[in-house]
Amino acid sequence: MTALTLSTAGAATLRADAVVVGVAKGAKGPVIAPGAEAVDTAFDGKLASVLDTLGASGAEGEAIKLPSPAGLKAPVVLAVGLGAAPEKGGAYGAEALRRAAGTAARTLTGAKKAAFALPIGSPEDAAAVAEGALLGAYAFTAYQGGDSAKGGAKAPLGEVALLGAKPRDKAYKAVAERAVALAEEINRARDLINTPPNDLTPEAFAAVASAAGKEHGIKVQILDEKALVKGGFGGILGVGQGSANPPRLVKLSYTHGKNAKHLALVGKGITYDSGGISLKPAGHNETMKCDMSGAAAVFAAVVAAARLGLPVNVTGWLALAENMPSGTATRPGDVLRMYSGKTVEVLNTDAEGRLVLGDALWKASEEKPDAIVDVATLTGAMVLALGNRTFGVMANDDAFRTAVHETAEEVGEQSWPMPLPAELRKGMDSPTADIANMGERMGSGLVAGLFLQEFVGEGITWAHLDIAGPAFHEGAPYGYTPKGGTGSSVRTLVRLAERMGEGDLG
Ligand code: BES
Ligand code: MN
Ligand code: ZN
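Residues numbered from 1 in each chain as written. Chains lettered and ligands numbered in written order. Predicted model: local features only at pLDDT ≥ 70, side-chain atom pairs only at ≥ 80, totals over all residues. Heavy atoms only, no water.

## With respect to the site of ligand 1
We count it as follows: We define proximity as follows: a residue is near a molecule or strand when any one of its heavy atoms falls within 4 Å of that partner. Any N or O atom pair separated by 3.5 Å or less is treated as a polar contact, with the protein-specific requirement of one donor-capable and one acceptor-capable atom, and with residues adjacent in sequence counted only for side-chain atom pairs. Residue exposure ignores everything except the shown protein chains as possible cover, and the areas themselves are Shrake-Rupley values with a 1.4 Å probe. Following the grouping adopted for this structure description, the nonpolar residues are Ala, Val, Leu, Ile, Met, Phe, Trp, Tyr, Cys and Pro, the charged ones are Asp, Glu, Lys and Arg, and the polar ones are all others, Gly among them.
Taken together, 16 residues surround ligand 1, and among them Lys280, Asp291, Asp350, Glu352 and Gly380 come closest. Between ligand 1 and Thr377 there is a distance of 3.4 Å, counted from a nitrogen atom to a backbone nitrogen or oxygen. Protein burial of ligand 1: of its 520 Å² of free accessible surface, 79% is covered by the chains. Residue classes in the shell around ligand 1 are distributed as five nonpolar, four polar and seven charged.

## What about the coordination of the zinc ion (ligand 3)?
Definition in use: Keep in mind that water is not among the atoms, so a site may look incomplete; donors are the N, O and S atoms within 2.8 Å of the metal, or 3.2 Å for Na, K and Ca. Tetrahedral means four donors with every angle between 85 and 135 degrees, whereas square planar (four donors) and octahedral (six donors) require angles over 155 degrees between opposite donors and between 65 and 115 for all others; sites fitting neither are termed irregular. Helix and strand assignments follow DSSP, with helices taken as H or I runs no shorter than four residues and strands as E runs no shorter than two, numbered in order from the N terminus. We call a residue buried when its accessible area falls under 20% of the maximum for its residue type, exposed when it is over 50%, and partly exposed in between, using a 1.4 Å probe and counting protein chains only.
The protein atoms that coordinate the zinc ion (ligand 3) are Lys268 (NZ), Asp273 (OD), Asp291 (OD) and Glu352 (OE), at distances spanning 2.0 to 2.4 Å. Considering all six donor atoms around the zinc ion (ligand 3), angles at the metal cover 79 to 174° and the coordination shape is octahedral. Counting along the primary sequence, the residues that act as donors to the zinc ion (ligand 3) give the motif K-x4-D-x17-D-x60-E. Here the zinc ion (ligand 3) and the manganese ion (ligand 2) are spaced 3.1 Å apart, linked through Asp273, which binds each one. Taken together, the residues Lys268 in strand β10 (residues 262-273) and Glu352 in the loop between β13 (343-345) and α10 (353-365) connect sequence positions 84 residues apart. Judged by its relative accessible area of 0%, Glu352 falls in the buried class.

## Notes on the pairing of strand β6 (residues 113-117)
What counts here: A pair of strands counts as paired when DSSP detects no fewer than two bridges linking them.
In terms of burial, β6 is largely enclosed, as four of its five residues are buried. The sheet contact formed by strand β2 (residues 18-26) and β6 spans four bridges and is parallel. Bridging across to β6, Val21 finds its partner in Ala117. In this structure, β6 lies alongside strand β7 (residues 159-163), joined through four bridges in parallel fashion. Bridge pairing links Phe116 to Leu162 in β7.

## As for the sheet that holds β13
Judged by pairing direction, the sheet is mixed, and its three strands sit side by side in the order β12-β13-β17 without closing on themselves. Every other strand in the sheet has two partners, leaving β12 (335-337) and β17 (435-436) as the edge strands with one partner each. Strand direction decides the pairing type here: β12 and β13, joined by three bridges, are antiparallel. Residue Val335 lies in a different strand from β13, and its bridge partner there is Glu345.

## Considerations on the domain arrangement of the chain
Heads up, the rule is: A domain assignment, automatic or from a database, supplies the domain bounds used here. Throughout, a residue-residue contact means that at least one pair of heavy atoms, one from each residue, lies within 4.5 Å. The quantity reported as buried area is the accessible area (1.4 Å probe) lost by two parts once they are put together, taken as the sum for both.
Entries for the chain in the domain assignment read domain 1 (3-163) and domain 2 (186-501). If you average the C-alpha positions of domain 1 and of domain 2, the two centres end up 36 Å apart. Opposite the 14 residues of domain 1 that make contact, domain 2 presents 18 residues. Surface buried jointly by domain 1 and domain 2 totals about 1400 Å² across both partners, of which 57% is contributed by carbon and sulfur atoms. On the domain 1 side of the interface with domain 2, the three residues burying the most area are Arg99, Leu135 and Tyr138, jointly 45% of the side's total.

## What about unusual backbone geometry?
In terms of backbone geometry, most residues other than glycine have negative phi values and most peptide bonds are trans. The backbone of Asp44 shows a phi angle near 60°, a positive value even though the residue is not glycine. Assignment of secondary structure puts Asp44 in the loop between α1 (37-42) and α2 (47-53). Phi is positive for Ser489, which is not a glycine, with a value near 85°. Residue placement: Ser489 occurs in the loop between β20 (484-485) and α14 (490-501).

## A word on the coordination of the manganese ion (ligand 2)
Coordination sphere of the manganese ion (ligand 2), protein contribution only: Asp273 (OD), Asp350 (O), Asp350 (OD) and Glu352 (OE), at 2.0 to 2.2 Å. Between the six donor atoms coordinating the manganese ion (ligand 2), the angles at the centre fall across 69 to 169°, so the site counts as irregular. Going along the chain, you hit the donors of the manganese ion (ligand 2) in the pattern D-x76-D-x1-E. You can call Asp273 buried: its relative accessible area is 3%.

This is the structure we're talking about:
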């Protein structure tokens, strides 16, 4: 991955392919953000007016390349928009910095090294720039020729040199290390999401988890299809039984110590969701390799927690299955006996996420963790409700739901609290089984949440993140968000684990 270095060199003197400066929207046109003074000096103090002439306004998303004047070591200056300039004495917001750094890194694909002379006034600012740059530099090229002469993919930016972050200051060193671990794990989640479903089967995903566990001191236990039968995991088996690629339940345990708090994370890992016998129509299945994004996020968060040595115990549960139609597939009308003992009438085989999660939630509950958070690309309804960039947060505890929402906001992820209205439960009443896997169409994202709640152990604090919108980005890249898998919710999960370790949660 792209390397991160902290440098004391000046913006004019560091040897690099490009120097990145920030430009913001001022009252009377673009203004140069702090950190780029030496670059401005090389332009005789006229960089803002040059950028103005070139049409720059300082708006978020802008990226303008200029050849450097004499006096700068880097041959190219890249000016990226930061949005509105802060009031006098104020600082740029973390998300503005993250996005501008991401835009810069993306724009510099193919370059070896760039000096980032963005406004860094604190370790938090340095963290935001580092995260944005490392996430923005991401590219998924594993399946491309890599021959740029033939239109193949260029290599991502090789090195991000942060200027203004003090390399000998412990606080800066710590945030840089955290940013690298976090970004590498988010990018690992993105790789998993982007890997085509013919290669990323449940078994292959479990093998990746197993290898990462060895590398980072995480205990990994894998239940294969035989063990799942033995254990009575009817939900996971019912979803996976139509596929030639059998299901898995993977448990990842990062243990800090006996007396530490315990956070359990549960991820939906449908490596491909065809809908099963309730087959999705064309137009709805092209991106369904992304249906394991919840499991990818959980996996990444556990590894990040281990790499950072967080003072909390984190267990990750990956409920992995492929939802396919076949002669052995679950039919609409079948009844499954879940791991909890509850029976479920499957009315729609495309409502499969709640079936695998129901088993994993009940299993996770047996350990009586201090809190459970599940993450899933669960419903199209959540995308209709909140759009493509915001995940929904449901919970059985108002304070915990608020804490999750605020934690997401703190790390720059968009989320919104959603209710679990009790009256929607009766829509899932089944004449044959304890519950049906479908209810009323209206509010069906919340219905899915209510279904999951039935599989959370008594008295356990639980939140459900429906990331169906933000998990997979189909539009043009922006900021640090690439096309394809985004790694949505990883930063929120890691921050939640940190907060629990700080005694600030659960
Ligand atoms: N994986 C889908 C949800 C989804 C939709 C994820 C769009 C990402 C983007 C899920 O398994 C599903 O098919 N849900 C159904 C449930 C319905 C049958 C009750 C849905 O939302 O339509
Ligand atoms: Mn489905
Ligand atoms: Zn699904």
